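# A look at the structure
Below are the chains, spelled out letter by letter.
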Amino acid sequence: MRLPRFFVPPAAWERDRATITGRDYHHIRHVLRLEAGAKLRLLDGDGRVYDAVIEKVDRGALVAVVTGEVPAPPEPPLRLTLVQGLPRRDKMELVIQKATEIGVTGIVPLAAARAVPRLDRKAGERRVRWQRIAVEAAEQCGRSRFPLVGEISGLAEVVGGLPAGAAGFFLWEGEQATTLKQVLRAGPPRRDVYLFVGPEGGFTEAEAARARAAGLVSVSLGSRILRTETAGLIAAALVLYEWGDLGG
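Quick caveat: nothing in here was measured; it's all calculated off a predicted structure.

### Examining helix 3 (residues 123–141)
Given a rise of 1.5 Å per residue, 19 residues ought to cover 27 Å, and the 27 Å separating the end C-alpha atoms of helix 3 matches this to within 8%. Along helix 3, the positions that sit buried rather than exposed are Trp130, Gln131, Ile133, Ala134, Val135, Ala137, Ala138 and Glu139. Check the buried side of helix 3 and you find it contacts strand 1 (5–7), helix 1 (22–31), helix 2 (91–102), strand 8 (106–110) and strand 9 (148–149).

### Details of the layout of surface pockets
Within this model, the largest pocket holds a volume of roughly 510 Å³. In terms of residue count, the dominant contributor to the lining of the largest pocket is helix 7 (residues 228–242) (three residues). Roughly 370 Å³ of internal volume is contained in the second largest pocket. Around the second largest pocket, the lining is made up of 20 residues, and of these Phe7, Val8, Pro9, Asp24 and Val135 lie nearest the centre. At the level of elements, strand 1, strand 3 (17–21), helix 1 and helix 3 are the ones that each hand at least two residues to the lining of the second largest pocket. The residue inventory of the lining of the second largest pocket, partitioned by class, reads 10 nonpolar, four polar and six charged.

### Let's talk about the pattern of salt bridges
Per the stated rule, a full pass over the model turns up 16 salt bridges. A salt bridge links glutamate 35 to arginine 29; the nearest nitrogen and oxygen atoms lie 3.4 Å apart. For aspartate 192, the salt bridge is made with arginine 79, and the minimal N-O distance between the two is 2.8 Å. Linking aspartate 192 in strand 11 (residues 192–197) with arginine 79 in strand 7 (residues 79–85), this pair joins segments that are 113 residues apart in sequence. One salt-bridge network, in which partners are shared between bridges, spans Asp44, Asp46, Arg48 and Arg145.

### Structural notes on helix 1
Because each turn of an α-helix spans 3.6 residues, side chains separated by three or four positions in sequence point in the same direction. Within the span of helix 1, buried status applies to Tyr25, Ile28 and Arg29. The buried side chains of helix 1 occupy one side of the element, clustering within an arc of 85° when seen end-on. Against strand 1, strand 3, strand 4 (39–43), strand 5 (49–58) and strand 6 (61–70) lie the buried residues of helix 1. Positive backbone phi, at 55°, marks arginine 33, one or two positions downstream of helix 1.

### Overview of the nonpolar core
Core analysis: the largest hydrophobic core is formed by 33 residues, its most contacted members being Leu80, Ile96, Phe169, Leu195 and Val239. The element best represented in this core is helix 7, accounting for six residues. Among all residues touching isoleucine 96, those that are not within four sequence positions of it are Ile107, Trp130, Ile133, Ala134 and Val149. Core analysis: the next-biggest nonpolar cluster, separate from the first, contains 18 residues, Ala18, Leu42, Ala64 and Val66 among them.

### Focus on the packing of helix 2 against helix 3
Axis separation between helix 2 and helix 3 bottoms out at 8 Å; the angle between their running directions is 35°. For the pair helix 2 and helix 3, the sense of crossing is right-handed. In this structure, helix 2 contributes Met92, Glu93, Ile96, Gln97, Thr100 and Glu101 to the contact, and helix 3 contributes Arg129, Trp130, Ile133, Ala134, Ala137, Ala138, Gln140 and Cys141. Taken together, the residues of the contact of helix 2 with helix 3 break down into eight nonpolar, three polar and three charged.

### Observations concerning the side chain of glutamine 84
Turning to its location among the elements, glutamine 84 is positioned in strand 7. With residues near it in sequence (within four places) discarded, glutamine 84 still touches Met92, Val95, Val108, Pro109, Leu110, Val197, Gly198, Thr228 and Gly232.

### Side note on the sheet that holds strand 7
Paired through backbone hydrogen bonds, the strands of a sheet run either parallel or antiparallel to each other. Read across the sheet, six strands follow the order 9-8-7-11-10-12 without closing on themselves; strand pairing throughout is parallel. Edge positions in the sheet fall to strand 9 and strand 12 (217–219), since each has one partner strand and no second. Note that strand 10 (residues 167–171) and strand 11 share four bridges and pair parallel. Paired with alanine 167 across the bridge in strand 11 is valine 193.

### Some thoughts on a nonpolar patch on the surface
The grouping of Leu226, Ile234 and Leu238 at the surface amounts to a nonpolar patch, some 210 Å² of accessible area in total. Looking at the secondary structure, you find isoleucine 234 in helix 7.

### Quick look at the environment of cysteine 141
Mapped onto the elements of the fold, cysteine 141 is located in helix 3. On a C-alpha basis, the gap between cysteine 141 and valine 57 in space is 27 Å, while along the polypeptide they are 84 residues apart. Residues within four places of cysteine 141 in sequence aside, it is in contact with Arg2, Thr100 and Glu101.

Rules used in this analysis
Residues numbered from 1 in each chain as written. Predicted model: local features only at pLDDT ≥ 70, side-chain atom pairs only at ≥ 80, totals over all residues. Heavy atoms only, no water. Helix = DSSP H or I, 4+ residues; strand = E, 2+ residues; numbered from the N terminus. Expected span 1.5 Å × (residues − 1). Buried < 20%, exposed > 50% of the residue type's maximum accessible area, 1.4 Å probe, protein only. Contact = heavy atoms within 4.5 Å. 1 Å grid on protein atoms, 1.4 Å probe; cavity = no way out; pocket = protein on both sides within 12 Å on 5 of 7 lines; lining within 4 Å. Points joined across faces, edges and corners; volume = space filled by probe spheres on them. Nonpolar A, V, L, I, M, F, W, Y, C, P; charged D, E, K, R; others polar. Salt bridge = Lys/Arg side-chain N within 4 Å of Asp/Glu carboxyl O. Arc of directions from axis to C-beta. Core = buried A, V, L, I, M, F, W, Y, C linked by side-chain atoms within 4.5 Å. Axes fitted to C-alpha atoms, helices over the stretch in contact; angles between N-to-C directions. Left-handed = near helix turned anticlockwise from the far one by under 90°. Pairing = 2+ DSSP bridges. Patch = residues over 30% accessible without salt bridge, like charges linked within 9 Å, V, L, I, M, F, W, Y side chains within 5 Å. Areas by Shrake-Rupley, 256 points an atom, 1.4 Å probe, with all protein chains shown as cover.

Here's what the structure looks like:
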């Protein structure tokens, strides 16, 4: 039987004990209906995984004591960051959930020129929600780490902050000569990869020119038109298949 898995933040640990509150407490007590003595699997968010037993249950909090460390499932051998143009409605939540399952390391919401959502006043609370979705998806799919969801950023800001040696791929429907498949199979694999995906309507000519001027490689995913919430997930899967561990 698979044990329920929960990421526990650093501040909640005290030696071999972890205090669980909030949404996770509610899930353990009122959804799973677990009592003292029940077994859990706890993750520290830094790649370590522990078996634990619920030691004490109070109103609004419970304490679990670690019984042993278990081998952590391997993470992909590369750091893949998905820079996703802000889509309409709740599509970003779907992208974050599925990108986490695929194996991305980070997600940056991109305020591209054609992005419809304007989240200035709600950006902070949206980011908190998006991060929670990433954590819950990582718990569900068995990862030992969860992707970090960055702040909503502009293209120039993201491009200017790329680490040295990182590969940057810019998905653009105007690209006719180079496909992502060709670039990946030409290699060699990079340890840091950034995938840039436009919102509904795609990137503008000016954004494509800026990306290429900054050293990003403009690539196509083929002749079919893909929705923004589909394109990034397919591209991430291709990168992790060719250069990572997706597919075994």
